[in-house]
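If you want the building blocks of each chain, they are given just below.
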Amino acid sequence: ALAQLVDQGLIEWDDRVQKHLPWFELYDPYVTSEMRIRDLLCHRSGLETFSGDLLWYGSKLTSKEVLVSSKHLKPTSPFRTTYGYQNLMFMAAGAVIESVTEQPWKGYVQQALLDQVGMPQSVMSTDDLETRSDVASPHNELESGEQIPIEWLNWDNMAPAGALISSAEEMARWMMVQLDSGRTATDTLWSRQRTHEMWSMHTPIPVSSWYRNRFPSMHFRGYGLGWELYTLHGRKMVAHSGGYDGMISRQVLVP
């Protein structure tokens, strides 16, 4: 969605976040001032992985209240030096979309992406599942090994970071549009240049001993703009995973 706004000249990747969200503030005044839209998408804020998630998880705070509270989170590494997966920064990226387009994130994504790709069954809130019957149940495992269904947990207050609920069929359509650099049968949703930027490494991630042992052909890992990047068998891989209570997802593209 942000790539579309870059194509339209409404934003630049290196716009300061405070240009669009004047109320945005982090623990360090320098990081607050220098945080760019690009930084929101590649997990180099200095906050550790999942820091601040308990602000939104199972809470009654709104998305803006969560982001305003994030100024109290102490960084664990210097700005732009270390990878730390940050749902809060993706939430801030969603707030930028709302500020620029003057419409809710959910409405913009529905109109500009899901409708265009052909994903009519995908939803962006558990509230939208109430009238649906063709929905899988999230499950957890008991100590006995038995799998039991659990209730859906509402993630509306962090929606841009992980509230979308889809199917294998519709995610396949999304993956095909990604592999064709934003093209559908009738339109181009974003330019090839934007795909190149999103799939370029911004934050290196060490190849741990776990990865070296299991994937000996993986020589590099990193993060682009909203995408994991790595090599496998000499090929560039573009991927992402998602974790929800009782649900795990993963999509992998081989351009």
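Refer to the structure presented above.
Residues numbered from 1 in each chain as written. Predicted model: local features only at pLDDT ≥ 70, side-chain atom pairs only at ≥ 80, totals over all residues. Heavy atoms only, no water.

### A closer look at helix α8 (residues 105-117)
For an α-helix, the turn length of 3.6 residues means that residues three or four places apart are oriented alike.
Here is step 1 of the chain: Between its terminal C-alpha atoms α8 stretches 17 Å, which fits the 18 Å expected from 13 residues at 1.5 Å a residue.
Here is step 2 of the chain: Residue Q111 marks the point of greatest curvature in α8, where the axis turns by about 35 degrees.
Here is step 3 of the chain: Among the residues making up α8, those that are buried are W105, Y108, V109, A112, L113, L114 and V117.
Here is step 4 of the chain: Here the buried face of α8 lies against α1 (2-7), α7 (87-101), α9 (159-162) and α10 (168-179). (Helix = DSSP H or I, 4+ residues; strand = E, 2+ residues; numbered from the N terminus. Expected span 1.5 Å × (residues − 1). Bend = angle between axes of the 7 residues up to and from the residue. Buried < 20%, exposed > 50% of the residue type's maximum accessible area, 1.4 Å probe, protein only. Contact = heavy atoms within 4.5 Å.)

### Section: the nonpolar core
Here is step 1 of the chain: L2, W13, F24, M35 and L40 are the most contacted members of the largest nonpolar core, which totals 60 residues.
Here is step 2 of the chain: Contributions of two or more residues to this core are made by α1, α4 (37-40), α6 (63-69), α7, α8, α9, α10 and β6 (235-244).
Here is step 3 of the chain: Sort the elements by how many residues they give to this core and α7 lands first, with 9 residues.
Here is step 4 of the chain: Other than its neighbours up to four places away in sequence, L2 contacts I11, W13, I37, L41, A93, V96 and I97.
Here is step 5 of the chain: Counting residues in each nonpolar core, the second largest holds 6 residues, with V207, Y230, L232 and A239 among its members. (Core = buried A, V, L, I, M, F, W, Y, C linked by side-chain atoms within 4.5 Å.)

### Focus: α7
Here is step 1 of the chain: The end-to-end C-alpha distance of α7, which contains 15 residues, comes to 21 Å, matching closely the 21 Å that a straight helix rising 1.5 Å per residue would cover.
Here is step 2 of the chain: The buried fraction of α7 amounts to 12 of the 15 residues, a majority that puts the element mostly inside the structure.
Here is step 3 of the chain: Buried within α7 we find N87, L88, M89, F90, M91, A92, A93, G94, A95, V96, I97 and T101.
Here is step 4 of the chain: Taken from the residues just after α7, E102 is the one with a positive phi, measuring 60 degrees.

### With respect to the environment of V17
Here is step 1 of the chain: Tracing the backbone through its elements, the reader meets V17 in helix α2 (residues 17-20).
Here is step 2 of the chain: For V17, a relative accessible area of 0% gives the class buried.
Here is step 3 of the chain: Apart from residues no more than four positions distant in its own chain, V17 is found in contact with F24, M35, R36, I37 and L40.

### A few points about the environment of M171
Here is step 1 of the chain: Along the chain, the position of M171 falls in helix α10.
Here is step 2 of the chain: We classify M171 as partly exposed; its relative accessible area is 21%.
Here is step 3 of the chain: Non-local contacts of M171, meaning those with residues more than four positions away in its chain, are made with M119, L164, S166 and Q251.

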